[in-house]
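Here's the letter readout for the chains.
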Amino acid sequence: MIQGIFFARFLPQRGTKVVHQSPPGCIVAEPGVDRPRFFDFETMGEYIIPRQGFCNRYVTICDPEDKYRILGHPVCIKDEKYVRNEFMFNFCIVIGVEVDMHPYEAVVRRLASTFTEMEIQNRFLSQEDLSTSADRRSIAALIEIIKEDLNNYNECMIPVDDANTINMKLFPIHRHPPPVKSWHVPISKMKFAEIIDDTWDLTMKKVIAQIDGIKDVRRISHDADVALDLTKIALQHLLYYDSILMLDLFLFGNIYAPAPEINDFIIDKDGMQDECSNYVYINGPRLPKFYLCRLFTSLCTSRTIKEWLKMHLDQGFPVLNYVDVRRFIQFGVIKGLIYRVHKYAVSSQYLASLVTGQSVKIEGGDLLQSYTDGCHCFDQITAERNIGDAKIMDQLRKFPPKGDVEIIYR
Amino acid sequence: MASTIPPIRCSGLLAVALIIRSRDGPRFVFHYPPRPSTEASQEERLYGTELDESESEGSPLDEAGSDESDLEDGGYSLPCHKHLDKEDKPKQKNHVAELNLEGDDHYDKPNGEHVVPWEHLFEFDTTDLESILTPSRAYHKKKFEMSLDPLIFVTYPIHIREDGLWKKKKPKKAKKSSKIEGSEAGAGSGETKFIEEEMKDVILDPKRGDASEDGDDHGGMTMFNIVFILNPRKDQAREKIKDIYEHVIKKFNKALKHAQASANYVWKESEMMLLMKEKAKEERRPMSWLWNKILIKSTLAAAIRDVYYAISVDKIATVRFATKPPLDLSLQVPISNFLMSLPTSTEKAMPGLLVTTANPLINEEGNEDPTHLNKHFALLLLDNESKIVAEIQADDTDLSEPLIECIRLCKPTLSFLQVAQTNAVDVSSLLILAQHLIYWRRAIAIPPLHAREMYIVSPNCDSRKLPAASVAWKKAFPLAPSLPSFLAALSAAPRPFKTFAPSKDHRPTYLDMIAWLIRGGWVTQLRTFAWILVWPEIIYEVQYQLKSEAIEKSKKGNKSRSGSSESTESTDESSAEKHSHTDPSAPLTTEQVAENARLERLADKLAKEAAEAAADFAKMPRPVATEHPSINNSEHLNDIPPYIIKDPHKVSHEESLYIAALAKRFTEPKSKECWTKFTKYFNGCEALEMIALQENRKRKETWGILMSYHEHLLVCKHW
């Protein structure tokens, strides 16, 4: 939220002065307005209109009380027509120190560029007092509208004169999404069918059509007939806008183990148990939620899903009759209640060769050798080499000497 | 030169500079590194717990990266205006190009201007920077944070007091003299102590109070500040700045204020550096030559360099100002030494960081308290014991002796309490020393290692370090299985650690091995958590009990009510009495008749219901306590789902009845006795492994008791 907005100029005889401000009196005292000022402008003046060396760039400064942050973009226009051959000004926005300042950066830059352009066109700023007010808005009114519109609607579209309009919008700045790997499985967080329209990118539409929470990226690329790198870019876009999640490849040979967050499920934080029942129970009789708790807590680092199902069956609980196991596991992974225990191959010989820096081809070692440094999970090998778990194990066993390759579950 | 600059990690620290305001106005005294890189801090490529760094198969990163920058400025940045500064732009560009080529040497511009290599920092002239980085008194001892895109300048300016002193004069002489005696002993040797905590504000030794008044020339210095120049990633900026400001910038500047007040240190050093610069400028010396000279001669310059190097890679900076006596200062941005939960797939990875829920900084009430080290934890040194001892000896502070003693006594297999008890030392001072070691990253606190505990390969371990770690492991444990095969064995199936040791004699070595692995974040303890699980049989028993009590009660109630209804007159009388105010002799109004009829109907209904309930109750099968309630398949229990007590600290009435009912089920006297004591641990947050220590019981016995509860607990294992 913009607390205040002001227009400051460097006046050759009087130094840095605030010409217009909104709300009135927030930066410097104004006759007839009795309100506390945000900060002492005298202290801050040197950062509002700094030395030339610091002009024409985005400058921010916090006040000494560390309550407000001033975002500005001091501009210095050099031209012989000005007194001292230069004209300096700054349109500044004042926000609370704790407010995320990044969305406002574009606004401040935009204000600087627009008014610079208008000053160069028709001395909009420097001749403010001389021009007739009929064909243009006053700057005071402009900054007031900008502040109000941005605070209320997060955007503004203001015609300034015949030639210029100020169009601005506050964009949330998202974090850069993690890289998309070919063995990841995207699952949608929204109903794409409802928001997609003809203007959408064709590749994006092809990729979205394949997202079902089961297919890995490589398969999506294949089934959508889109190059893998383009598929990844498309998915990363969706990730950026937080419209998909990335999961692991679900197989019954996978191992999952509880994380400390499992406690949230047991104590039914945010009605999680109901949410889970709605998501995982297949049509038919619904079991008491206690069984979901037991299913989660009985996962462990050395039990594959297959073994886990068998264990429950032996105890007289045919899980598959009631629960969609894939959805059950996905629910746990998405909520962070459980985590996937991945399989990694480590070849001592290969490690040794990495230490010495000699990347000698180990005899008998094949294409899989570069995966045996303990940093590449089996999912990756499966996706990139297109072979299944059993076959990978088979090939790894052939690595000489016997027993060189160890499997670490992590 | 560039090669000496450490790789920029996530800290985002680019440079550190000293700027003062003296008689001659603001002066840019010194900065380090001489020519800082302007590159934005490196992006960590890993997320979650993934380890794969490859960007095989055409990484989308670059494209997406440029794409994002579009988004960031919303697509409109200031277009480059040619007419903005017609002459300056090209000139500056020249600068930069030339600086990059031979930034070490002086040269003359065509117009005869002498360009001095150290008078430019980033794209700015130091004359510009010195004016903007000497904030006014309003910022005295406050945070000054300014950004000149893309750089952020953060500092804590120190101004001279209005009375011309750098610190407040001690109030009264009388008080002083009395104090001297007491502080003398501490002052003599204690001057070099870690001023970390003592630095709250200016605490000056009274002896040195007059140092600044013995005719030293202040050069009219009215303010100084060490400015930190950063370029953190945008999404981390706020946090990084806050950390580095609180822990480094503020403390560094405060320490300098201390040194300035006591020995005119900042001015003396600044004067020397400025003179050297002046001279070198006349002699047109190369920048590298001058910087070497300054770093040799000035301890303040060397301190700035050391702080820069250490903080930019998130290490501890240890600096010494050559005041008399010398002033030692250690600075760091504290790091957490363990993770409670794994980073999610969209969060930055922190590979190699130990992951455990065993938080040693939890007080008795279960709240996190950074000052309270749990006495049931053990100390695990993060490096070789002899190496750490040597380092501490070299520090030679007041604390050295006790710290070494603490290291000698503590073992990763013994809790602090056990160490204190066996060695007859005070546990609270032991904890303070241990906490000091932990804060300064020499040790961590873990649940005591035990051969019966289970350890698993940490899901957050940094396998990228496997090649080097394997070599180090072989060196440390030449006879043990190789690191990969040991990790493979540990990860295959969790089981008590002792089963891995070939014989009992191997156990101590194997415990050393596990200590090594935990230190490196390779393994973590698999801990057991439990909740009380109430089986239908128990629930039914309690319900039955409640019902029978209710029926008892209602029977009694009925009796008393019917007793009273026999004396209807009295009630009538009472109601009549109420009316008596209006008209005592009047016959019952229709309203009253209706009311009486209503009451009667109600009473009838209640009696009927009670009778029905009693009949129903009579039909209910009597609860039978079977040996194993979990497999009691009796028909009357079918509709009752098992129940989990979420938190035994806050139980409802019914839950407390369940707990009481369960207590009756345990036959062993010990189990019976401990049930009420132990129930508080069954909240899913307290590891059962810690109960023995907390209750001060034998481990084996405790587990025996816990096993007897097993049927009534929902158990889950995680780190």
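The residue count restarts for each chain, going from 1 along the sequence in the order it is written. All chains are assigned letters beginning with A, and all ligands numbers beginning with 1, in the order in which they are written. Thresholds applied to this predicted model are a pLDDT of at least 70 for local features of residues and 80 or more for the giving and counting of side-chain atom pairs; totals over whole chains, interfaces and linings are not thresholded and use all residues. Processing note: side-chain calculations cover all non-hydrogen atoms of the structure and skip hydrogens and water entirely.

Which entries qualify depends on this criterion: UniProt positions are given in the numbering used here, feature names are shortened, and annotations may be inferred rather than shown by experiment.
Per an unreviewed UniProt entry, chain B carries the name Nitrogen permease regulator 3 and comes from Hyaloscypha variabilis. As recorded by UniProt, the Sequence similarities (unreviewed entry) comment attached to chain B reads in full: "Belongs to the NPR3 family." UniProt lists a comment for chain B under the heading Function (unreviewed entry), and it reads "Mediates inactivation of the TORC1 complex in response to amino acid starvation. Required for meiotic nuclear division."

The name an unreviewed UniProt entry assigns to chain A is Nitrogen permease regulator 2, from the organism Hyaloscypha variabilis. Database annotation for chain A, UniProt heading Sequence similarities (unreviewed entry): "Belongs to the NPR2 family."

### Let's talk about unusual backbone geometry
Under the convention used in this document: Comment: elements are numbered from the N terminus, with helices defined as DSSP H or I runs of at least four residues and strands as E runs of at least two. Working definition: with a 1.4 Å probe on protein chains only, accessible area under 20% of the residue-type maximum means buried, over 50% means exposed, and in between means partly exposed.
Omega for the bond connecting Ser22 of chain A with Pro23 of chain A falls within 30 degrees of zero, at 0 degrees, which places this linkage in the cis form. Cis rather than trans, the peptide bond between Tyr32 of chain B and Pro33 of chain B has omega equal to -5 degrees. Positive phi, close to 50 degrees, is recorded for Asp396 of chain B, a residue that is not glycine. Checked against the element boundaries, Asp396 of chain B lands in the loop between α10 (385-395) and α11 (400-409). Taking the relative accessible area as the measure of exposure, Asp396 of chain B reaches 58% and is therefore exposed. Even without being glycine, Asn696 of chain B reaches a positive phi, approximately 55 degrees. The topology assignment puts Asn696 of chain B in the loop between α22 (691-694) and α23 (699-709).

### Observations concerning the nonpolar core
All names here are of chain B. To be explicit about the condition: We define a nonpolar core as any set of buried Ala, Val, Leu, Ile, Met, Phe, Trp, Tyr and Cys residues linked to one another through side-chain atoms lying within 4.5 Å. Only heavy atoms enter the contact rule, under which two residues are in contact if any of them lie within 4.5 Å.
The biggest cluster of nonpolar side chains holds 57 residues, and the ones touching the most others in it are Phe30, Phe228, Phe252 and Phe321. The leading source of residues in this core is helix α6 (residues 237-263), at 10 residues. For Phe228, the contacting residues outside a window of four places in its chain are Leu13, Ala15, Val16, Ile152, Phe153, Val154, Ile244, Val248, Ile249, Phe252 and Val307.

### Focus on helix α9 (residues 272-280) of chain A
All names here are of chain A. Where we set the bar: The arc refers to the directions leading from the helix axis to the C-beta atoms.
Buried residues of α9: Met272, Gln273, Cys276, Ser277 and Val280, and no others. Taken around the axis of α9, the buried residues stretch over an arc of 135 degrees, which confines them to a single face. Buried residues along α9 sit in contact with α8 (262-266), α10 (290-297) and α12 (325-334).

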